[in-house]
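Descriptive analysis of the structure
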Amino acid sequence: MTTPTTQPSRPHLMLHERPKPVWPIMMVGFDPDLCTQIAHLFSDYAISGHVIKVMPCHTPEKALQQLLERRYALVIINAGLLDLNDPDNLVRVMREDFQQYHTRYIVVDSEPGETPMAEWLLEMHIQDYRHLQHINDNDWLMIVTQACQNYQLSMANNRQERGLEKVISATTDLLNKTSLRHFAEGILDQLSASLGLDEDGLICVQRRVRTPSSPCSPLYITAATGQHASLIGEPLSQLAALDIQSAFETCIEQQGPIFDTHYTALYYNNSHWEGAIYIDCECCPSDDYQQLLEIFASNISQCNELISKVNKLSFIAYHDTLTKVPNRTRFLLELDQRAKTQDVNTVIALIDLSHFADLNEGLGVETGNRLLINVTERLQNYLGDTCYIARIGADVFGLIGQQQDLNPDSIRATLSTPFDVGELSYSMRYNVGLCRLLAGEMTGLTLLKRSYIALARAKRNSARNYEFFLEEMEFDNRWRTDIINQLKNDFYEGHLSLWYQPQINLKTGAVCGIEALVRWPDSAGGFIQPPSIFIPLAEYSGLIIDIGDWILEEACRTFDKLKRQQHTLQSVCVNIGIPQFKQFNLIKTIQRLTQEYKLPAGTLVIEVTEQLAMHDPQLVIENLHTLQKLGVHAAIDDFGTGYSSLNTLRHLAIDRLKIDTQFIHEISHSNAEHARPPFAETLISLGQKLGLKLVAEGVETQAQANTLRQIGCHQAQGFFFAKPMPFDELLDWLNDNPSLSF
């Protein structure tokens, strides 16, 4: 190899004739003659290609001053300068205060004595402790060599850690860019900064790994600096420099690096891609730098594989796997960005597909999935150019756009045409909740919550299938939340109470039973909310489960008390809602209570509504049959107001029907004796034919009571007989009214 000219060379390429690097060694607190002796010993000695330069410092203050000017590979300290009991000794100050973490520290004791414990040396970060009289020249060579090699290894590990931090930082940045092209540009930036290269000296190309089905995938320029930057994204064949083209092709063909006197080419690959980096240089790098560049290329391959996986994982994390559109998480991030713009023309729309669960259950999940894909494609075809589209729930799509593009009319035009789902032409019904981006600071979560509030209103609106969010809606929602929270607190603090309404045998006038009714009293003798308000909210929040268990327990305890006081009631009725009926331990709870309070068969009557019976007929049928075996009777409450199937009714293990108040009110107040109520009479006749007891609710007049008795109703309750009352008042009432005359 010819000797290069004296032309200045780039420091990063370092010719083989360059001076050897220096590892400085500091000796602190030693006799100058010893320092001179050690310096002479290492004058012609190199360790890992580094020459050793001994720097004597007679005082700790001078040593610390030297640490401000340069980094040392090794510091040898006279033991006389260290207080072994002082944690803030000279070694700690050098390491931590002066940040000489990679420097090796050796303590040499000029006086004979014992060597400190190994635990103390490790704690003080001292690598070796020697007595001077036991060290010869060979020992010095071994001690210093080992320390410098450890220093070299520590520095290499530190560089590797810093490189890893850069890779992690670059990977984090790529999560936002989601592009391998940006990764390739980052490679060139790091090479340029680390090796001090000119801007025109770097090009990166890439292509898919060759496979039997695609053996000739072309190379594309994914990153370039300087004059070549305009070719990013173009095929390599567009590069005018044929010698660079040839270098790339050779590098990729041999799948390894090329170190030439005028350029370096590095090869990298992963399971899907392979590529090369061209580095324009004036001479061949030294062996050390060749090794460095090969390691760098290996890291690029691993990082490239990682970026591919990160991109794939990012897509999975932020996209719906079925429709491939953004998911709820990504939609929320997009909402956050849109909220920052405070663009009042922006609209958020949530589209809920009606009865989608029924479609899935009736026609199968594959049909449901096909419909979701078709809806996605329709939304993209009609609104995709102007709106952001995401699937944020099983049957809910979220859209963001401008008011002129995203509105009820544009959504109707998009979804009104039937969808072809296999052989089925499906006309889809849907509801839409819309929210404008109102002025003022807000988050994406706030916008989503408001859109859902509007969607809930749209579902309840029988006149149209969409609603825009209004601020008073949020107030209503907040009011409901406040009521639920207050109800929860009052219930667990024991402020709810159970009231009872007597039930009367219409034939004899005797009190035959009571119905337990929950009340929410206030401190002034009134009520915080009526049952028609707080019972649905308790069901919505799930609190009804605990309230229902408490009502069952309290009703059974009350009946037991009345029995002990010689009151001959036959039954106590308790209402059971849908959430309670679905809980797995309802049967066990009722069985425990009937046994604990020794209730005779037929005493406890469970009242269920027609809505519950039709909501999950099979569950209701099974549970009522099980309860019947336990001696628990059942009644259909508010009978005649729902849409119950007579066939389902026939299979229910029920004991009685409760006729709703509205059918009792049809009985004329003025001429009840002669005006027979058609609906009430029909229901009573049906119950008689089925062999069921008939109980009339809401009886308010003697005329109604007389008419009901005449047409065959068995029992009745209502204000005409007695209003609901707390337990103490019930006791007094029962004592005063063992039987009623009417």
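Definitions and limits used
- Residues numbered from 1 in each chain as written.
- Predicted model: local features only at pLDDT ≥ 70, side-chain atom pairs only at ≥ 80, totals over all residues.
- Heavy atoms only, no water.
- Helix = DSSP H or I, 4+ residues; strand = E, 2+ residues; numbered from the N terminus.
- Contact = heavy atoms within 4.5 Å.
- Areas by Shrake-Rupley, 256 points an atom, 1.4 Å probe, with all protein chains shown as cover.
- Patch = residues over 30% accessible without salt bridge, like charges linked within 9 Å, V, L, I, M, F, W, Y side chains within 5 Å.
- Salt bridge = Lys/Arg side-chain N within 4 Å of Asp/Glu carboxyl O.
- Lys, Arg positive; Asp, Glu negative; His and termini not counted.
- Charge placed at Lys NZ, Arg CZ, Asp CG, Glu CD.
- Polar contact = N/O pair within 3.5 Å; in protein donor to acceptor, adjacent residues only side chain to side chain.
- Buried < 20%, exposed > 50% of the residue type's maximum accessible area, 1.4 Å probe, protein only.
- Pairing = 2+ DSSP bridges.
- Axes fitted to C-alpha atoms, helices over the stretch in contact; angles between N-to-C directions.
- Arc of directions from axis to C-beta.
- Phe/Tyr/Trp six-rings, centres within 6.5 Å; stacked < 30°, edge-to-face > 60°.
- Lys NZ or Arg CZ within 6 Å of the ring centre and 35° of its normal.
- Parallel < 35°, antiparallel > 145°, perpendicular 65-115°, else oblique.
- Left-handed = near helix turned anticlockwise from the far one by under 90°.

Tallying secondary structure elements over the protein chain gives 25 helices and 26 strands in all. A separation of at least 24 residues holds for 67% of the contacts in the protein chain among residues at least 6 apart in sequence. Surface exposure of the protein chain reaches about 38200 Å², of which carbon and sulfur atoms provide 50%.

Taken together, the side chains of D728, E729, D732 and D736 define an acidic patch exposed on the protein surface. If you trace the backbone, D736 turns up in helix α25 (residues 727-736).

What follows is about the environment of E697. Its place among the elements puts E697 in the loop between β25 (693-696) and α24 (702-710). Between the alpha carbons of E697 and K658 there is a distance of 6.7 Å; along the sequence they are 39 residues apart. Not counting residues up to four positions away in its chain, the partners in contact with E697 are E515, D637, D638, K658, I659, D660, T661, I664 and Q717. Engagement of the side chain of E697 in a polar contact is seen with the side chain of K658, the distance being 3.4 Å.

Moving on to the pairing of strand β20 (residues 511-519). Most of β20 sits out of view: nine of its nine residues are buried. Pairing between strand β19 (residues 497-505) and β20: eight bridges, direction antiparallel. Opposite L498, over in β20, you have V518 as the bridge partner. Counted along the chain from β19 to the antiparallel partner β20, the turn is five residues long, and its residue G509 has a positive phi close to 80 degrees.

Let's shift gears to the sheet that holds strand β22 (residues 604-609). Here eight strands make up a closed barrel; going around it, the order is β19-β20-β21-β22-β23-β24-β25-β26 and the pairing mixed. When strand β24 (residues 656-659) meets β25, the two strands line up parallel, connected through four bridges. Its bridge partner lying in β25, I659 is registered against A696. Lying over the sheet, α25 contacts β19 and β20, oriented at roughly 25 degrees with respect to β19.

Listed as buried for helix α1 (residues 32-41) are L34, C35 and I38. Looking down the long axis of α1, one finds its buried residues gathered within 100 degrees of arc, a one-sided arrangement. Among the exposed residues of α1, those pointing more than 90 degrees away from its buried face are D33, T36 and H40. For α1, the capping residue at the N-terminal end is D31, with a side-chain oxygen 2.9 Å from the backbone nitrogen of D33.

Phi at Q99 is positive, roughly 55 degrees, even though this residue is not glycine. If you trace the backbone, Q99 turns up in the loop between α3 (90-97) and β5 (104-109). For Q342, which is not glycine, the phi dihedral falls at a positive 50 degrees. Relative to the helices and strands, Q342 resides in the loop between α9 (328-341) and β12 (346-353).

Okay, the packing of aromatic side chains next. Under the criterion given, the structure shown has twelve aromatic pairs. Considering the side-chain rings of W499 and F527, the 5.3 Å spacing of their centres and the 65 degrees angle between planes classify their relative orientation as edge-to-face. With a gap of 28 residues between them, W499 in strand β19 and F527 in the loop between β20 and α15 (531-541) connect regions that are remote in the sequence. By the ring-pair criterion, three or more aromatic residues cluster together here, those being F248, Y263 and Y278. When the ring centre of Y466 is taken as reference, the NZ or CZ atom of R464 above it lies at 4.6 Å. We note R480 situated over the ring of Y540; from NZ or CZ to the ring centre the distance is 4.8 Å.

Strand pairs in the sheet, formed through backbone hydrogen bonds, run parallel or antiparallel to each other. Spatially, the five strands line up as an open sheet ordered β8-β7-β11-β10-β9, and their pairing is antiparallel. Each edge of the sheet is formed by a strand with only one pairing partner; in this case those strands are β8 (220-224) and β9 (258-259). Sitting on the sheet, helix α7 (residues 242-254) is in contact with β7 (202-208), β9, β10 (263-269) and β11 (273-280), with an inclination near 135 degrees to β11.

Let us look at the environment of L67. With respect to the element layout, L67 can be found in helix α2 (residues 60-67). Between the C-alpha atom of L67 and that of Q100, which follows or precedes it by 33 residues, the distance is 8.1 Å. Beyond its immediate sequence surroundings of up to four residues, L67 is in contact with M26, Y72, M94, F98 and Q100.

Within the sequence span of α2, burial applies to A63, L64, Q66 and L67. Seen along its axis, α2 keeps its buried residues to an arc of 155 degrees; they face one direction.

Every other side chain in a regular strand lies on the same face of the sheet, so the side chains alternate between the two faces. Most of strand β1 (residues 22-28) sits inside the fold, with six of its seven residues counted as buried. One ladder, built from seven bridges, connects β1 with strand β3 (residues 50-57); its direction is parallel. From the neighbouring strand, M27 faces β3, where its bridge partner is P56.

Here we take up the packing of α2 against α3. Between α2 and α3, the shortest axis-to-axis distance is 11 Å and the interhelical angle comes to 15 degrees. The angle between α2 and α3 places the two elements in the roughly parallel class. Pair α2 / α3 crosses with right-handed handedness. Where α2 abuts α3, its residues P60, A63, L64 and L67 lie against L90, V93 and M94.

With that settled, the discussion passes to the side chain of Q529. If you trace the backbone, Q529 turns up in the loop between β20 and α15. On the basis of relative accessible area, Q529 is assigned to the buried category, the value being 16%. In this view, Q529 contacts W479, I483, W520 and F534; residues no more than four positions away in its chain are not counted.

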